[in-house]
Amino acid sequence: MEQVSANAPIDYLPILFQLIVAAGFGIGTIIITHLIGPKVRTANKLSSFESGVEVIGNARQPFSIKYFLVAILFVIFDVEVIFMYPWAVNFRDFGFEGLIQMFVFMGMLLLGFIYVIKKKALSWD
């Protein structure tokens, strides 16, 4: 009976090859675009441009923390939905216990959402 090694170094050769190709592609495209790209630098090309509208004011101007708070809350609740997908796929295998666990999970999500609403974290005023 032939014994198979669990992790021979040759098994990692495709991964190493893929990393070399990926890094080579990234570095190669950066070098090629730098070499063959346009070199004319005018004041108009170096000026700030935002969707065809001239820039007004300073880009370093502070703005409300509410923007970041809404973005973080969106990411948190979006990630929670990702956790529901494997549960939905394996719903029949989990049985009644899995259903109870999902109710507990959804209840905790609902409590978090109620907390956010009570703290008025989503109001822009």
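Residues numbered from 1 in each chain as written. Predicted model: local features only at pLDDT ≥ 70, side-chain atom pairs only at ≥ 80, totals over all residues. Heavy atoms only, no water.

Colleague: If you had to explain the packing of aromatic side chains to someone new, which residues and values would you point to?
Modeller: One pass over the full model with this rule turns up three aromatic pairs. With a centroid separation of 5.5 Å and an interplanar angle of 75 degrees, the aromatic rings of Tyr67 and Phe68 are classed as edge-to-face. Taken together, a centroid distance of 5.7 Å and an interplanar angle of 85 degrees make the contact between Phe77 and Phe113 edge-to-face. With Phe77 in helix 3 (residues 66-89) and Phe113 in helix 4 (residues 91-118), the pair connects residues that are 36 residues apart, well separated along the chain. According to the relative accessible area criterion, Phe113 is partly exposed, its value standing at 38%. (Phe/Tyr/Trp six-rings, centres within 6.5 Å; stacked < 30°, edge-to-face > 60°. Helix = DSSP H or I, 4+ residues; strand = E, 2+ residues; numbered from the N terminus. Buried < 20%, exposed > 50% of the residue type's maximum accessible area, 1.4 Å probe, protein only.)

Colleague: An account of the side chain of Glu80 is requested, with residue identities and associated values reported.
Modeller: Along the polypeptide, Glu80 turns up in helix 3. With no salt bridge to any partner, buried Glu80 finds its closest opposite charge in Lys119, at an N-O distance of 19 Å. Apart from the residues lying within four places of it in its own chain, the contact partners of Glu80 are Phe105 and Leu109. (Lys, Arg positive; Asp, Glu negative; His and termini not counted. Salt bridge = Lys/Arg side-chain N within 4 Å of Asp/Glu carboxyl O. Contact = heavy atoms within 4.5 Å.)

Colleague: I'd like a rundown of a nonpolar patch on the surface, residues and numbers included.
Modeller: Where nonpolar side chains cluster on the molecular surface, the patch consists of Phe63, Ile65, Tyr67, Phe68, Ile72, Ile76 and Trp124 and spans about 810 Å² of accessible area. Along the chain, the position of Ile72 falls in helix 3. (Patch = residues over 30% accessible without salt bridge, like charges linked within 9 Å, V, L, I, M, F, W, Y side chains within 5 Å. Areas by Shrake-Rupley, 256 points an atom, 1.4 Å probe, with all protein chains shown as cover.)

Colleague: Any details on the environment of Val79? Residues and values, ideally.
Modeller: Looking at the element boundaries, Val79 is found in helix 3. When the C-alpha positions of Val79 and Ala121 are compared, they lie 19 Å apart, and in sequence the two are 42 residues distant.

Colleague: Account for the packing of helix 3 against helix 4, with residues named and values stated.
Modeller: The N-to-C vectors of helix 3 and helix 4 enclose an angle of 170 degrees; their axes lie 10 Å apart at closest approach. Here helix 3 lies roughly antiparallel to helix 4, going by the angle between them. Residues Leu73, Phe77, Glu80, Phe83, Met84, Pro86, Trp87, Ala88 and Val89 of helix 3 form the contact with helix 4, whose participating residues are Phe91, Phe94, Gly98, Leu99, Met102, Phe105, Met106, Leu109, Gly112, Phe113 and Val116. A breakdown of the residues in the contact of helix 3 with helix 4 according to their chemical character gives 17 nonpolar, two polar and one charged. (Axes fitted to C-alpha atoms, helices over the stretch in contact; angles between N-to-C directions. Parallel < 35°, antiparallel > 145°, perpendicular 65-115°, else oblique. Nonpolar A, V, L, I, M, F, W, Y, C, P; charged D, E, K, R; others polar.)

Colleague: Could you give an account of the confidence of the model for the protein chain, naming the residues involved and the relevant values?
Modeller: For the protein chain, per-residue confidence averages 85 on the pLDDT scale, and 93% of positions sit at 70 or higher. Element-level pLDDT for the protein chain is lowest in helix 2 (residues 43-46), with a mean of 76, against a maximum mean of 95 in helix 1 (residues 13-36). (pLDDT = per-residue confidence, 0-100.)

Colleague: If you had to explain helix 4 to someone new, which residues and values would you point to?
Modeller: Owing to its 3.6 residues per turn, the α-helix brings residues three or four apart onto one side. Between its first and last C-alpha atoms helix 4 spans 33 Å; for 28 residues at 1.5 Å apiece the expected length is 40 Å, and the helix comes up short by more than 12%. Taken as a whole, helix 4 carries its principal kink of about 75 degrees at Glu97. Looking only at helix 4, the buried set comprises Gly98, Met102, Leu109 and Val116. Its buried side turned inward, helix 4 meets helix 3. Backbone geometry just downstream of helix 4 places Lys120 in the positive-phi region, at approximately 55 degrees. (Expected span 1.5 Å × (residues − 1). Bend = angle between axes of the 7 residues up to and from the residue.)

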